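Spelled out, the chains give:
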Amino acid sequence: QVQLVESGGGLVQPGGSLRLSCAASGISVSTNVMRWYRRAPGKERELVASITNAGSTIYEDSVKGRFTISRDNAKNTVYLQMNSLKAEDTAVYYCRAWSPFTGNFAWGQGTQVTVSS
């Protein structure tokens, strides 16, 4: 059974930082492409960051230099470090795992990030 459990969301002031966690079970983060998506109010879901099993990363332009995706294989957990947060970063953030071997994927439940003063 595949589960992705997200945590770390909350309310933060502009310029602040948060670290989101995605704890995986039933799959290995080291063999899956792990992605963070977000859905902001009134907008479509968008890809925020991605890390492959080889460690390659991709970032949405608006978060480059501010967000960092990483993984801890021993903990089977993926992280999204978010610095210099802006109001426009406010969204529900979702973790997704995708296996290039099987084509299967799984979604986390989402965690709310609100950036406001």
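Residues numbered from 1 in each chain as written. Predicted model: local features only at pLDDT ≥ 70, side-chain atom pairs only at ≥ 80, totals over all residues. Heavy atoms only, no water.

Draft legend 1. Spatial organisation of the packing of aromatic side chains. Enumeration over the complete set of coordinates arrives at 2 aromatic pairs. Where Tyr 37 meets Trp 107, the ring centres are 5.0 Å apart and the plane angle is 55°; that geometry is what we call tilted. Placement of Tyr 37 in strand β4 (residues 33-39) and of Trp 107 in strand β10 (residues 105-107) is noted, with a sequence separation of 70 residues between them. With relative accessibility at 29%, the residue Trp 107 sits in the partly exposed group. (Phe/Tyr/Trp six-rings, centres within 6.5 Å; stacked < 30°, edge-to-face > 60°. Helix = DSSP H or I, 4+ residues; strand = E, 2+ residues; numbered from the N terminus. Buried < 20%, exposed > 50% of the residue type's maximum accessible area, 1.4 Å probe, protein only.)

Draft legend 2. The arrangement of the pairing of strand β1 (residues 3-7) in detail. Burial along β1 is one-sided: Leu 4 and Glu 6 are buried, and none of Gln 3, Val 5 and Ser 7, which face the opposite way, are. Bridge analysis of β1 against strand β3 (residues 18-25) gives 5 bridges, and the strand direction is antiparallel. When the bridges of β3 are listed, Val 5 appears paired with Ala 23. (Pairing = 2+ DSSP bridges.)

Draft legend 3. Representation of the pattern of salt bridges in the model. Taken as a whole and assessed by the stated rule, the structure comprises 5 salt bridges. Across the pair Glu 60 and Arg 38 runs a salt bridge whose closest N-O atoms are separated by 3.9 Å. Of this pair, Glu 60 sits in the loop between β6 (57-59) and β7 (67-72) while Arg 38 is found in strand β4, placing the two residues 22 residues apart along the sequence. Overall, Arg 38 belongs to the buried group, its relative accessible area being 4%. A cluster of three or more residues bridged by salt bridges with shared partners is formed by Arg 38, Glu 46, Glu 60, Arg 66 and Asp 89. (Salt bridge = Lys/Arg side-chain N within 4 Å of Asp/Glu carboxyl O.)

Draft legend 4. Structural context of the pairing of β3. As paired elements, β3 and strand β8 (residues 77-82) share 6 bridges and run antiparallel to each other. In the strand pairing of β8, Arg 19 is matched with Gln 81.

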